[in-house]
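Chain by chain, the residues:
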Amino acid sequence: MKKSIIGCLLLLMQLFTARADHITGGEMHYAFTGISNGMYNYQVTAKLFMDCYSNRRLPDPAYFGIFNKGTGAHIRDISIPMAHQDRLTLSNPGPCITNPPSVCYDIGFYDFSVSLPASAEGYLVVIQVVYRVQGISNLTPAYGNIGATYTGEIPGNGVVASGPENSSARFNGDDMVVVCANNSFSYSFAAVDNDNDQLRYSFTNAYIGGSGGGGVNFPPASPPYSSVPYGSTYGPGSPLGRNVKINANTGMITGVAPGEGVYVVTVQVEEIRNGVVIAVQRKDLQIRITACTIASASIPPDYMLCRNSQTITLANLSNSPLITSTTWELMDNKGVTVFNSNDAITSYTFPDTGVYTVKLVINRNQQCSDSTSSQAYVYPGFTPDFAVNGICFKKPTQFLDASVPAYGHVDSWEWNFGDRTGSDVSLQASPTYTYQSMGVKNVQLIATSTKGCRDTTVKNISIVDKPPLSLAFRDTLICIPDALQLQAIGNGVFSWWPITAMVNENTAIPTVDPVTTTNYTVQLDDNGCINRDSVRVRVVDHVNLLAMNDTTICQGDTVRLHVQSDGLKYSWTPANQVLNETAANPHVVTRSNTNYQVTASIGSCKAKDQVLVTAVPYPVADAGPDTTICFATKAQLLGSTEAIRYLWLPAPTLSNIDILNPVASPKTTTAYVLSAYDNKGCPKPGYDTVVVKVLPEVKPFAGRDTAVVVDQLLQLQAGGGKTYKWIPATNLSNSAIANPTAIYATPSTGIIYKVLVFNEASCVDSAYIKVKVFQTLPTVFVPNAFTPNSDGKNDLLRPIAVGIAHIDYFEIFNRWGQLVFRTSANEHGWDGTIGGKIQPTGTYVWMVKAVDYTGAQYMQRGTIVLIR
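Residues numbered from 1 in each chain as written. Predicted model: local features only at pLDDT ≥ 70, side-chain atom pairs only at ≥ 80, totals over all residues. Heavy atoms only, no water.

*Asks:* Explain the overall build of the protein here, please?
*Replies:* Helix and strand counts for the protein come out as zero helices and 73 strands. A compact globule built from 868 residues should have a C-alpha radius of gyration of about 29 Å, whereas the protein, at 52 Å, is more than 25% larger. Seen along its three principal axes, the alpha-carbon backbone of the protein occupies a region of about 150 × 110 × 60 Å. Counting all 868 residues of the protein, 48% fall into the buried class. Expressed as a percentage of contacts within the protein between residues at least 6 apart in sequence, the contacts between residues at least 24 apart total 64%. Carbon and sulfur atoms provide 50% of the accessible area of the protein, an area that totals close to 40900 Å². Taking the average place of the 60 positive charges on the side chains of the protein and the average place of its 65 negative ones, the gap between the two points comes to 9 Å. (Helix = DSSP H or I, 4+ residues; strand = E, 2+ residues; numbered from the N terminus. Rg over C-alpha atoms; globule rule 2.2 N^0.38 Å. Buried < 20%, exposed > 50% of the residue type's maximum accessible area, 1.4 Å probe, protein only. Contact = heavy atoms within 4.5 Å. Areas by Shrake-Rupley, 256 points an atom, 1.4 Å probe, with all protein chains shown as cover. Lys, Arg positive; Asp, Glu negative; His and termini not counted. Charge placed at Lys NZ, Arg CZ, Asp CG, Glu CD.)

*Asks:* Where do I start with the sheet that holds strand β29 (residues 410-416) in this structure?
*Replies:* Read from one edge of the open sheet, four strands run β30-β29-β32-β33, paired in antiparallel fashion. Edge positions in the sheet fall to β30 (425-426) and β33 (454-463), since each has one partner strand and no second. Summarising the sheet, strand β32 (residues 439-449) and β33 pair through 10 bridges and their orientation is antiparallel. By the bridge assignment for β33, Val-440 is matched with Ser-462. (Pairing = 2+ DSSP bridges.)

*Asks:* Which parts of the structure should I look at to understand the pattern of salt bridges?
*Replies:* Two side chains with opposite charge may pair up if their charged atoms get near one another. Summed over the entire model, instances satisfying the criterion amount to 17 salt bridges. We note a salt bridge from Lys-684 to Asp-557, for which the minimum N-O separation is 2.7 Å. Of this pair, Lys-684 sits in the loop between β57 (670-677) and β58 (686-694) while Asp-557 is found in the loop between β44 (551-554) and β45 (558-560), placing the two residues 127 residues apart along the sequence. In this structure Lys-684 comes out as partly exposed when scored by relative accessible area, which is 40%. Each member of the salt-bridge network shares a partner with another, and the members are Glu-27, Lys-47 and Lys-283. (Salt bridge = Lys/Arg side-chain N within 4 Å of Asp/Glu carboxyl O.)

*Asks:* Just checking my understanding: could you explain the nonpolar core for this structure?
*Replies:* Generally speaking, soluble globular proteins have nonpolar side chains that are buried together. With 36 residues, the main nonpolar core has Phe-185, Tyr-201, Ile-253, Val-267 and Ile-289 as its most contacted residues. Sorting the residues of this core by element identifies β7 (104-117), β12 (184-188), β14 (198-203), β15 (244-246), β17 (261-273) and β18 (276-290) as the ones contributing at least two each. Every residue in contact with Ile-253, bar those within four places of it in the chain, is listed here: Phe-185, Ser-186, Tyr-187, Phe-189, Phe-203, Val-244, Lys-245, Ile-246, Val-265 and Val-267. Within the second largest apolar cluster, 27 residues are counted, among which are Ala-46, Leu-58, Tyr-110 and Ala-148. (Core = buried A, V, L, I, M, F, W, Y, C linked by side-chain atoms within 4.5 Å.)

*Asks:* What exactly am I supposed to notice about the sheet that holds strand β27 (residues 386-389) here?
*Replies:* As a general point, the strands of a sheet are linked pairwise by backbone hydrogen bonds and lie either parallel or antiparallel. In spatial order, the strands read β27-β28-β31; together these three strands make up an open sheet with antiparallel pairing. Strand pairing shows two members of the sheet lacking a second neighbour, β27 and β31 (432-434), which therefore form its edges. Strand after strand, the sheet turns through a mean of 25° between neighbouring axes, direction not considered. As paired strands, strand β28 (residues 396-401) and β31 are joined by three bridges and run antiparallel to one another. Each bridged residue has a counterpart across the sheet, and for Thr-397 the counterpart in β31 is Tyr-433. (Axes fitted to C-alpha atoms, helices over the stretch in contact; angles between N-to-C directions.)

*Asks:* Help me understand the layout of surface pockets, please; the structure alone is not making it clear to me.
*Replies:* Empty pockets left among the atoms are what a rolling probe the size of a water molecule brings to light. As a volume, the largest pocket reaches approximately 580 Å³. In terms of lining, the largest pocket is formed by 26 residues, of which the most central are Pro-236, Gly-237, Ser-238, Glu-414 and Leu-427. Of all elements in the fold, only β14, β15, β29, β30 and β32 reach the threshold of two or more residues within the lining of the largest pocket. Each residue belonging to the lining of the largest pocket can be placed in one class, and the counts come to nine nonpolar, 13 polar and four charged. Computed from the structure, the second largest pocket encloses a volume of approximately 430 Å³. If you trace the second largest pocket, you find 20 residues lining it, with Thr-706, Ala-707, Ala-801, Ile-804 and Asn-826 closest to the centre. Breaking the lining of the second largest pocket down by element, the ones donating at least two residues are β59 (706-709), β60 (713-715) and β68 (804-813). (1 Å grid on protein atoms, 1.4 Å probe; cavity = no way out; pocket = protein on both sides within 12 Å on 5 of 7 lines; lining within 4 Å. Points joined across faces, edges and corners; volume = space filled by probe spheres on them. Nonpolar A, V, L, I, M, F, W, Y, C, P; charged D, E, K, R; others polar.)

*Asks:* Looking at this structure, I do not really get the packing of aromatic side chains. What am I missing?
*Replies:* Two aromatic rings, taken as a pair, are described by how far apart their centres are and by the angle between their planes. With the rule as written, the count across this model stands at 25 aromatic pairs. Taking 5.9 Å as the distance between ring centres and 65° as the angle between the ring planes, the aromatic pair formed by Tyr-234 and Tyr-263 counts as edge-to-face. Of this pair, Tyr-234 sits in the loop between β14 and β15 while Tyr-263 sits in strand β17; the two residues are 29 residues apart in sequence, bridging distant segments of the chain. Summarising the aromatic geometry, the rings of Trp-830 and Tyr-844 are spaced 5.3 Å apart at their centres and angled 65° between planes, so their arrangement reads as edge-to-face. One end of the pair, Trp-830, is in the loop between β69 (819-823) and β70 (833-834); the other, Tyr-844, is in strand β72 (residues 842-852), with 14 residues separating them in the sequence. Across the pair, exposure class does not vary: Trp-830 and Tyr-844 are buried alike. (Phe/Tyr/Trp six-rings, centres within 6.5 Å; stacked < 30°, edge-to-face > 60°.)

*Asks:* When you look at the side chain of Gln-128 in this model, what are you seeing that I'm missing?
*Replies:* Note that Gln-128 resides in strand β8 (residues 123-129). Since its relative accessible area comes to 3%, Gln-128 is described here as buried. Within polar-contact distance, the side chain of Gln-128 engages the side chain of Thr-149 at 3.0 Å. In terms of polar contacts, Gln-128 uses its side chain to reach the backbone amide nitrogen of Ala-221, at 3.0 Å. (Polar contact = N/O pair within 3.5 Å; in protein donor to acceptor, adjacent residues only side chain to side chain.)

*Asks:* What exactly am I supposed to notice about the pairing of strand β61 (residues 723-727) here?
*Replies:* Successive residues of a regular strand alternate their side chains across the two faces of the sheet. Here β61 shows a clear split, with Tyr-724 and Trp-726 buried on one side and none of Thr-723, Lys-725 and Ile-727 buried on the other. With five bridges connecting them, β61 and strand β63 (residues 748-758) associate as antiparallel partners. In the sheet register, Thr-723 faces β63, and the bridge partner there is Phe-758.

*Asks:* Any chance you could explain the environment of Lys-359 here in plain terms?
*Replies:* Along the polypeptide, Lys-359 turns up in strand β25 (residues 354-362). C-alpha separation for the pair Lys-359 and Phe-701, spaced 342 residues apart in sequence, amounts to 88 Å. Setting aside anything within four residues of it in sequence, one finds Lys-359 in contact with Thr-327, Trp-328, Glu-329, Met-331, Thr-372 and Ser-373.

*Asks:* Help me understand the environment of Ala-472, please; the structure alone is not making it clear to me.
*Replies:* Along the polypeptide, Ala-472 turns up in the loop between β34 (470-471) and β35 (475-479). A sequence separation of 168 residues divides Ala-472 from Met-304, and the C-alpha atoms of the two residues are 47 Å apart.

*Asks:* What is the right way to look at the side chain of Thr-823 in this model?
*Replies:* Topologically, Thr-823 is positioned in strand β69. One polar contact links the side chain of Thr-823 to the main-chain amide nitrogen of Ala-825, over a distance of 3.1 Å. Here the side chain of Thr-823 touches His-828 through a polar contact of 2.6 Å, side chain to side chain. Leave out the neighbours within four places in its chain, and Thr-823 touches Ile-807, Tyr-809, Phe-810 and His-828.

*Asks:* In this structure, what is going on with the environment of Gly-94? I would like to understand it.
*Replies:* Relative to the helices and strands, Gly-94 resides in the loop between β5 (84-89) and β6 (97-98). Using a relative accessible area of 15% as the deciding quantity, one classes Gly-94 as buried. Put simply, Gly-94 and Cys-368 are 274 residues apart on the chain and 10.0 Å apart in space, counted from C-alpha to C-alpha.

*Asks:* What should I look at first to understand the pairing of strand β4 (residues 74-80) in this one?
*Replies:* One ladder, built from six bridges, connects strand β3 (residues 62-68) with β4; its direction is antiparallel. Bridging across to β4, Tyr-63 finds its partner in Ser-79. Taken together, β3 and the strand that follows it, β4, pair antiparallel across an intervening segment of five residues, in which Gly-72 is found at a positive phi of about 80°.

*Asks:* Quick question: what am I supposed to make of unusual backbone geometry here?
*Replies:* Leave glycine aside and you will find that most residues have negative phi; peptide bonds, for their part, are mostly trans. Residue Pro-574 follows Thr-573 across a cis peptide bond; omega there is 0°. For Pro-574, the location among the structural elements is in the loop between β47 (569-573) and β48 (587-589). One non-glycine residue with positive phi stands out, namely Asn-196, at about 60°. By the element assignment, Asn-196 lies in the loop between β13 (191-192) and β14. What makes Asn-196 exposed here is its relative accessible area of 70%. Positive phi, close to 60°, is recorded for Asn-365, a residue that is not glycine.

Structure (C-alpha cells):
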C-alpha cells in the first residue's frame, strides 16, 4: 500500500477530560552495565507523559518499586528525582490534513541505577500513578477515574543462563503524531534491542494503578496487576476496534481509526533469545482521536461478504474537502480487472465467490495523492454461533462453537467472555471459562473460516450463584391409592428425597404414591453448582364437597354458583348453560328452572352434589309506539303492563311519572323508559322504551320586500320547509310551490303575500313579503336629501332599484371628487361617514350603473344633500 502522507498522520497521547492534569502515558527501558561484587547493575530510564496545558506537575520525586517477577515479593522502593523535562509541540501537521488539533505535552525523564543479585525468576521495576484521563472511550464508563501502572521486566537466569545480562528493548517511535476519526492511519511502536534479541509485538491489556490524589506518586503495590475494564466492543487485543491491527514483526499499527475520543492502547514487545521469551516490555499510551480529516485513500482492511449478499458498496472513509478525484478498481485473484468506477460512492455485485482485491486511488497525479488496497472475501452463507453449558458463578462454563460456513471450515476463534477481568478471552474452538462475578455477561465470538471470512456473534448469558430450578407446582393433593408425577425444570443432575414410595428419584419427573402427606425435596447439580426446592403432596382418602343453597333468579340472568370443596377438578352439567363447566365456581345462564349437577374429583376419588336454580320471568312493560311531534308541542304516552308498580323516566318533561299515560313535553327528541315491578319472584324490573322525536322548529322565509315595474316577471322564493302555500294566489303561477312567478299588469302601492311553510310532519308557520308595482320604466330611485342623525328616520341614503336585474355599482363622491361610498346591493345605503368619521353637511354627487330585467344597460347620476 502506498502512503504518501504517512508522516502526516497524527496520533495524540494527551489528556482529554475536565481535569487536564492526569498522566497520559508511560514506558520504561534499561541497559545492563556490568557485574560488580556479584551484583548485576542496570541503568533504568522511565518516561511519563502529561498534557502541556495541565495545571499540575509531573511527580518529582517519583517512587519506583522492585519486585520478584515470579513470586511478587517486594524487594525495595526507590525515590527518584526527575532528571529533566522535555516539551514537545507539533508545529507542521502537513498540507493534507484539514482542521488539525493543537498538540503539546510534557515528558518527564527519570534516570537511576540499580544493582540486583541474580534470580531465577527475574524482577519487575514498577511505577504507579493516579490518574489516567477520565472518560476514556474504550473503557467502561462506570469505573470513572482509573490509575496506571508502568513496568520494566528484567529476566532471571531460570529461563536462560544469560538472562540477567540483558539490556531491554527500547521503544523508539515518534510520539508527535495525531489520528483523525474514521480515517486510515499508521503508527510505529517499533523498538530496538542492543542484544539483537528477536522482537515480537502484540496488543495487550493496560494495567490500572493504585489510589491517591491528583498527580501524586507513591510506592507501588505488589504484582499481579489488574486489567483496565474494557468496553463491550474493545479489548486487550483490539483496543481501537476490529479495524486496527498491529504487525507482530514490525510493531506497526495500521487500520481505520474509530470515532472521536480518547483510547488507551498498550503494546508489549517480547524479547526472544534462542527461541525462548526472556522478558516483556510495555508501552502504554492514551491516544486522542480528533474530528480532523486527512486527504487519504481510506477503506476497511477487508470487506466481508460472507452473510447473505455478494454486493459490495464502496466509499472512501475520508471525507476530506481536499479530495478532488476518486478511482475504484476491483480485481480477481488472477489480477484481472472486473470493475472500475470514478464515482465517490459506488457498488458492484460479484458474479462468483472468491477473494478479490479492492483498490482506491485519490487525487491521481495531484497534491495529496494517495492509494490503498484491501481484500474482499465473497463467500456468503457464513453464520457464527455458539452454545453454552454451565452458568454458575466460580464454576466452569463450557462454550461450544456452533458456527456454520457454507465454504471451507472454521479455523480461528476469538472469544471475549464479558467478565471484564482482562483474562476473560480465549483463542480455542470450545473453551472453558470460570466467571469471577455474577450478572448478565455479554459474550462475543469472532469466528474466521479457511476462506478468510470473519464474522461476530454476541449473546447475553446470566451467571448465577445457583442453577435455575423451577417446579410445575409446589403444593398439591392426591387421593389414596393414586400416584402422582412430580415435575422439576432445569439443566443438570436431579435427585429427590425422601425416596419412600418414589420411582425414578434421579430424574426431573419421578412418580410418588404416598399414603400420608409428604414434603419432597429436589436438588439440581450443574457441575457442582447446587440449587434446591421442595413440593408438598397432601394425601386424603375422599373428596369433600358441599354445594351452595338453591336459589331464585330472574329468567335469563347470569348467576355464579359456588361450592366448598378440596377437589382438584370439577365438572358441571348441563354444560351448555355453564360458561366454564370445569371451574369450581362457574357462572351459569338460566332461562328455565334447572337442577345443576357438580362432580368434584381428586384423582380417582369423586363426590357429587347439586343446586336448583329457579328462573322467574321479568315483569312485562310496553311503553307504546314511537311517535313524532312538532316543535314546542306535546305527546300523550300510551304505556301498558300487568305489573303492580311502574315508573317513567326521565321525569322533568313528563306530567306524571307514576301513571301509564302521562303527557310528555320534550324540547328535543327524548327516549322515555317505562319500568315495571311485580311480586312474582323476580326482584328486577322489566323495561321498555318509547322515543318521542321532536322535529326542528319551522323557520319560514318568504323573501325580502321588493319592487317591480308593470309587466316585469317576478321570481318569488320561500324556504324553511318541505311544502308551501301562498295566500292570496293573485298573479301567481302556482300558489303551492316554494318558488312561483308573478307578472303585474297594473301598478300597486303594495301587495302582501303570506306563505305557509310545512315540515315533514305538517307542522306549520308563516312569513310575509310585500311587492310594490310601479308604472314606470326600469329605474333606480335615489332621494335628493337625507339626515344621518340616528333618529331612525331617513338616516341612510339608499338606492331603490325597480325593474333592475342587478346593480353594477352605486357610488357617492364629495365635492373634491373623493369616493366616499360604493355598493352593488339594492337598498344598501350610506350612513354619512368615511371610516367611521362623520362627513359634513353639503352636496354630494352619486352615480349608478345597472342592468334592467330586459338586459339593457342603465346609467344615471344626480346630487343629494347631506343635512346635519
